[in-house]
Every structure is written in structure tokens, then in C-alpha cells.
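One-letter residues, chain by chain:
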Amino acid sequence: MLAIVGPSGTGKSTLLRMMNRLDEPTHGTVYFHGEDYRGLPTSTLRRSIGMVMQRAYLFPGTIAENIAFGPQQHGISITPKQIADLLVQVGLEGYAQRDPLTLSGGEAQRVAITRALANQPEVLLLDEPTSALDEASRSEVERLLESLIRERRLTCLWVTHSPEQARTMGDRVLRLEAGHMTAIGTPDQVLGQTAKAPSA
Amino acid sequence: MFPNQLARGAVECLIAALTAIAVIVLARRRAPDLLKEVPTAQLRGLLQIVAVGAILAALLHGPQWTSIFVLVGMVFAAASIVRKRAKQIPGAFVLALIAIGVGAGSILAIMIATGVIPLRILVLVPVGSMVIANTMNTQSLFLDRFRGEVLSHVGEIESALALGASAEAAVTRYLHAAFRSSLIPAVDNIRSLGIVWIPGIMAGMVLSGASPLYAALYQFVVLSTIFSASALACFVASYLVTKRIFSVHDQLLLRS
């Protein structure tokens, strides 16, 4: 788990968006499994590199339809049993037929996480997934993400504006300032240090 | 009272225009922008329709097929008006030109080929212009609604893209909403035909001596033609517009 920290407007979200190829790099590229990602079909890349945004942005319909959406885009059908199992893992047992409008912020974000995981990604990009939540929901979602990421051995990039969250969640921390990486290392090295590393 | 028909027409236009201005002055608190927009639109519309009247009068003395060029000119003008309603959509003029050209053009061609609309200037230009104008209105509504839907659902669209959805799949529900809402006036016109309104073309035919029943049937033909042209234009536009608001890598380009 790599936590990405830095002031607002420094390019943290843009970095994640480029990795999912929602934005195109103006120069440089991203390597995925050692291969320039511009050579991969966008849809395949996005299946392998899942993304959870600041807000859940659930689609109209049922929770089950939201979870099935990703696999359907790749011609994979997901069974009601698989959906139910995924919902159990995120603590939303019996929610499959619920309307997203009836969910709390924390529940909606858990569905968004489940929706991303239904694609079985190798990498998960988390763009401040708890910043729009209240304190109680934030800790719940943090704990859930931590267990899911460890259990599935996912490579994960977590953008956060909170150094505390970066310290708690990140194995490594990357600091971005004005679009440049200014430090990378363990949480203590990056968040504890006072002198900045040279620009990358 | 009036020395000739032209003077009478000018006075009637003035009364109609002043009435419209009085209404927007009355409603200025609710719609302040209209106060600027409507008088300009009225003046422009008046000049255009007078110009068309003059062209029509000149064409009456020429070969009948020249009416096709008038209609082609109208399609270009319609596309230019639609472009202004769809400013944020790249290439909106070409998009509207293709959509209106294919929609109105092919439906009118079918009607001409089957003899439903005779290739006579006096019929083709007024009926064709009605079809093109209504198709233009539908296009404006379609693109305006679609743009609004996309701008207010950027998060949902990018979430769908991030899950691997194609651009087409990510905006399908917004295309459906725009398609449906833009055709509401055309559908309602057919639905309310004869009950809520008796359109001008029917009144004109009756006044010029046609049988009221035939005039009624022909009015249905005109409104159905308008609906077909509008729907076909929206169908074409729905494919073209998706390509214009996404990059080749399915990245959303249309953002507020």
C-alpha cells in the first residue's frame, strides 16, 4: 500500500486518474507489468487497475446491478451468489436488491469498493475514499479497506490529505508537491522527516 | 385602410412584435435574459422570413428543382443555429449538419419519391422548411439536454469508465434521456392534433379551397414526416455526439 500525500491541487488525484487512464499524461507514460500502458486496450487496463473515487457515484438501479456492472463490461456474468458473497465481505449482507438512494454515505462507499473489487483488479486506486464520510463511517471504511487489501494482496495507491491516515494505512508514503514527487519512503521517513528529498 | 398588402403585413408584424415585447417586459423578473434575446431574435427572424419570401417569389419563375437548393441552404442555417445551443460540444456544427441533413433530407427524399410531397416549389419549400425547422428544434433540445445530463453526471460517467465501460455504455442512460425529452414536442404535436390545435398548413389548405378532410389527412402526413425526420436526426446525432465528447481512449472531454 502506497499512500500519496500532499497539499490540495498538487496533482494527487490527477496522478491516479492518469493511472486509470481517465486523463492522458501530457508527457511520460505509465508502465504496467513492465509494459507501456498505452499499448494496452483501455478497457482491459481499467479492469486491472480499479479505482474508487471520493464519492460513491452509484448508478440508478439496485446494488446488485451496480456490482455486476463492471464484469458485464468485459462480457463476464456475475451470479447472485457471488454478489451476495461480496456484500457479506463488506458487511452489507442482504443489500443486493436495495436502491442506492436508501444507503448512508458509508454504505454507499462500501458498495463502490465492492463494485471495483467485482472486476478482480490487480491494482486498486483510492482517491480520498473516506474524505466525504463522517468520523464513524470513515473508520469503518478504513478498517474494511485494510482487511480487503491485505486479504486479496492488492497493490494499492491511496490518495489522502491526512498524514495520519497515510501513516496508519500506508506501507510506504509518497509526498507530492506542485506536481513533483518530493519524498518517498516509509511513513516515518516521509512523514517524520523535516528535510525534503530532492525533486524527482 | 392600407394602400397595399405589404403595408398591412408590416403593421401586423409590428403589432405582433410589440405584443411579444410587452409580455417579456411583464415577465422580466422571471426571465431577465429574454429582454435582450427576444427583440434581436424577432428582428432576425423577420428579416430572414422576408428574404425567404422574396427568394420564393423569384424562384416561382424558375425551374421547380431549384427548391432543393433552398432547402439545402436551410439545413446549413439550421446547423448553425444548433451549434449555438451546443457550444461546449466540439464540432457541433458538423454534427448538426450531418444529423439534420440525414434526418430531414432522407425523410423528405422518401416523401418526394413516393409522391406524398410534390416536387413543386410552392409545396416543397414550405413543407420542407417546416420539417427542417422542427428537426433543428429537436436537435437543439437533444444536444442541450445531453450536454446538461453529462455535465451533471461527470462522476457517474467516469465511475463507469473506470470500471472498464466503453464511452457508449457510460453515457447510454443520458442519451436515452436526451432522446426521449427532445422528441416530446414532436410526439405531443401528433397526439394533440385536432384536439388542442389545428396547424397552419391545414388552415391554409382549407382557406385555399382544399377539402377539409384531405387537409386534415395531409396535416397528419406533415406532422408524421416531422416526427420521422426529428427522430432520425436524433438517432444519427446520438452516435456522432458520443465520439465528440470522448477521446479515442474513452476519456471524457466534456467537463464544466
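Rules and cut-offs
- Throughout, residues of each chain are indexed from 1 in the direction in which the sequence is written.
- Chain letters and ligand numbers both follow the written order, the letters beginning at A and the numbers at 1.
- With pLDDT at 70 or above as the cut-off, local features in this predicted model cover only qualifying residues; side-chain atom pairs require 80 or more to be listed or tallied, and sums for whole chains, interfaces and linings still use all residues.
- By definition, any uninterrupted DSSP run of H or I lasting at least four residues is a helix, any uninterrupted run of E lasting at least two residues is a strand, and each is numbered from the N terminus.
- Here a residue counts as buried when 20 or more other C-beta atoms sit within 10 Å of its C-beta, as exposed when there are 12 or fewer, and as partly exposed otherwise, the C-beta atoms being derived from the backbone.
- Residues are treated as contacting if the C-beta atoms built from their backbones sit within 7 Å of each other.
- Here, a nonpolar core means buried Ala, Val, Leu, Ile, Met, Phe, Trp, Tyr and Cys residues linked by C-beta atoms lying within 7 Å of one another.
- Lines fitted to the C-alpha atoms define the axes, with helices restricted to the stretch that makes contact. Angles between their N-to-C directions range from 0 to 180 degrees.
- In what follows, roughly perpendicular refers to angles from 65 to 115 degrees, roughly parallel to angles under 35, roughly antiparallel to angles over 145, and oblique to any angle outside these ranges.
- Should the near helix be turned anticlockwise from the far one by less than a right angle, the crossing is left-handed, and should it be turned clockwise, the crossing is right-handed.
- Residues are grouped as follows: Ala, Val, Leu, Ile, Met, Phe, Trp, Tyr, Cys and Pro are nonpolar; Asp, Glu, Lys and Arg are charged; every other residue, Gly included, is polar.
- Domain extents, as shown, originate in an automatic or database domain assignment.
- Any two strands with at least two DSSP-identified bridges between them are counted as paired.

(A) Seen up close, the overall build of chain B. Within chain B, the secondary structure is distributed over 10 helices and 0 strands. Shown N-terminal to C-terminal, the secondary structure of chain B runs as helices and strands in the order α-α-α-α-α-α-α-α-α-α. Seen through its principal axes, chain B has C-alpha atoms that stretch 70 × 50 × 35 Å. For chain B, with 256 residues in total, the buried portion stands at 29%. Sequence-distant contacts, at least 24 apart, represent 73% of the contacts inside chain B between residues at least 6 apart.

(B) Structural context of helix α6 (residues 154-162) of chain B. Within α6(B), 7 of the 9 residues are buried, which leaves the element mostly enclosed by the surrounding structure. Turning to α6(B), its buried residues number three or more, namely E156(B), I157(B), E158(B), S159(B), A160(B), L161(B) and A162(B). Next to the buried residues of α6(B) lie α2 (42-48) and β4 (49-52) of chain A together with α5 (121-152) and α7 (167-182) of chain B. Immediately downstream of α6(B), the backbone of G164(B) shows phi near 100°, a positive value.

(C) Here's a closer look at the interface of chain A and chain B. Contacts between the two partners involve 20 residues from chain A, matched on the other side by 15 residues from chain B. When residues of the side of chain A that touches chain B are assigned to their parent elements, the largest contribution, 4 residues, is made by α2(A).

(D) Highlighting the nonpolar core. Counting 102 residues, the largest nonpolar core has I4(A), L126(A), I100(B), A104(B) and L143(B) as its most contacted members. Tallying contributions element by element places α5(B) first for this core, with 12 residues. Ignoring sequence-local partners within four residues, the contact set of A104(B) consists of V75(B), V131(B), I132(B), T135(B), A229(B) and A233(B).

(E) Just the packing of helix α8 (residues 184-191) of chain B against helix α10 (residues 212-245) of chain B, in detail. Residues and elements named next belong to chain B. Interaxial distance between α8 and α10 falls to 10 Å at its minimum, and their mutual angle equals 160°. When the axes of α8 and α10 are compared, the pair comes out roughly antiparallel. The chirality of how α8 crosses α10 is left-handed. Contact residues: A186, V187, N189 and I190 in α8; L223, S224, I226, F227 and S230 in α10. Across the contact of α8 with α10, the residue classes tally to 6 nonpolar, 3 polar and no charged.

(F) Just unusual backbone geometry, in detail. All names here are of chain A. A positive phi angle is found at Y57, which is not glycine, with a value near 45°. Judged by the 21 C-beta atoms lying within 10 Å of it, Y57 is buried. Here R153, not a glycine, exhibits a phi torsion of approximately 50°, which is positive.

(G) Expanded view of the domain arrangement of chain B. Residue and element names in this part refer to chain B. With domains assigned, chain B is organised as domain 1 (1-61) and domain 2 (64-245). Distance between the C-alpha centres of domain 1 and domain 2: 24 Å. Counting residues at the interface gives 4 residues for domain 1 and 5 residues for domain 2. Class assignment of the residues belonging to the side of domain 1 that touches domain 2 gives a composition of 4 nonpolar, no polar and no charged.

(H) Inspection of the pairing of strand β7 (residues 172-177) of chain A at higher detail. Residue and element names in this part refer to chain A. When strand β1 (residues 2-5) meets β7, the two strands line up parallel, connected through 4 bridges. Bridged to L2 within β7 is R172. Pairing geometry for β7 and strand β8 (residues 180-185), over 5 bridges, is antiparallel. Each bridged residue has a counterpart across the sheet, and for L174 the counterpart in β8 is I184. Here β7 folds back onto β8, and the loop between the two strands holds 2 residues, one of which, A178, carries a positive phi near 45°.

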